[in-house]
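Summary of structural features
In case you want the letters, here they are:
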Amino acid sequence: MDDLDLRLISLLRHDGRRSVSDLAGDLKVSRATVRSRMEKLQVTGEILGFTAVLRDDWRDLPIRAITLLVVAGHNTDPVIRSLSAMTEVRAIHSTNGKWDLVLDVATRDLAAFDDALNRIRLIEGITGSETNLLLNTRKGPAVLPSQ
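Read on for a plain summary of the structure. (Residues numbered from 1 in each chain as written. Predicted model: local features only at pLDDT ≥ 70, side-chain atom pairs only at ≥ 80, totals over all residues. Heavy atoms only, no water.)

For the rest of this paragraph, the subject is the overall build of the chain. A tally of regular secondary structure across the chain gives six helices and four strands. Each helix (α) and strand (β) of the chain, taken in turn from the N terminus, gives the series α-α-α-α-β-α-β-β-α-β. For the chain, long-range pairs separated by at least 24 residues make up 63% of all intrachain contacts whose partners lie at least 6 apart in sequence. Here the chain has roughly 10100 Å² of accessible surface; of this, 50% comes from carbon and sulfur atoms. (Helix = DSSP H or I, 4+ residues; strand = E, 2+ residues; numbered from the N terminus. Contact = heavy atoms within 4.5 Å. Areas by Shrake-Rupley, 256 points an atom, 1.4 Å probe, with all protein chains shown as cover.)

In structure tokens form, the structure reads like this:
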């Protein structure tokens, strides 16, 4: 990826529905260039797709946390299968270092969060965890507070 690709991706992250004409104007290139760059980024897998972030996703699940897990031995695949079945677990990331997995967890309230965290800790193969509640999103999908 070159500088143009990076600037295009930055604009798309802020608004994935912008027209090719608008993107071309901001990038000071032709529409054909933007179109071909977007196609190339999709074909190479740099852009996996476009999605809508719904207000209800943030409003209905306001308790969000990052949970770090240690998994014993060769239990990672069974642990991931168990975690994948939990609707509260929005994303599962493998990582290196002290922690084996990083989870994005979201629930409607603290009682539901406590229940989900207890179920996560009971999964066979998990030997340690640390959880951090997300207090405020400083950069991410645009969310209007009172809507």
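Glancing now at a nonpolar patch on the surface. On the surface, Leu110, Leu133 and Leu135 cluster together into a nonpolar patch covering about 360 Å² of accessible area. Inspection of the secondary structure puts leucine 135 in the segment after strand S4 (126-133). (Patch = residues over 30% accessible without salt bridge, like charges linked within 9 Å, V, L, I, M, F, W, Y side chains within 5 Å. Salt bridge = Lys/Arg side-chain N within 4 Å of Asp/Glu carboxyl O.)

Here we come to the sheet that holds strand S1 (residues 63-71). If you trace the four strands from one edge of the open sheet to the other, you get S2-S3-S1-S4, paired in antiparallel fashion. The open sheet has two edge strands with one neighbour each: strand S2 (89-94) and S4. Each neighbouring strand pair of the sheet contributes to a mean axis angle of 20°, computed without reference to strand direction. Two elements, S2 and strand S3 (residues 101-107), share five bridges in a ladder whose sense is antiparallel. Paired with histidine 93 across the strands is valine 102, a residue of S3. (Pairing = 2+ DSSP bridges. Axes fitted to C-alpha atoms, helices over the stretch in contact; angles between N-to-C directions.)

On to the side chain of aspartate 104. As for its position among the elements, aspartate 104 is in strand S3. For aspartate 104, a relative accessible area of 15% translates into the label buried. Within the structure, the side chain of aspartate 104 is placed 2.9 Å from the side chain of arginine 64, a separation counted as a polar contact. If sequence neighbours within four positions are ignored, aspartate 104 has contacts with Arg64, Ala65, Ile66, Glu88, Val89, Arg90 and Ala91. (Buried < 20%, exposed > 50% of the residue type's maximum accessible area, 1.4 Å probe, protein only. Polar contact = N/O pair within 3.5 Å; in protein donor to acceptor, adjacent residues only side chain to side chain.)

The final tally for this structure, using the stated rule, is nine salt bridges. Among the ionic pairs, aspartate 5 bridges to arginine 37, the shortest N-O distance being 2.9 Å. Of this pair, aspartate 5 sits in helix H1 (residues 3-14) while arginine 37 sits in helix H3 (residues 31-43), and the two are 32 residues apart along the sequence. Three or more residues are tied together by salt bridges with common partners; here these are Asp2, Asp5, Arg37 and Lys40.

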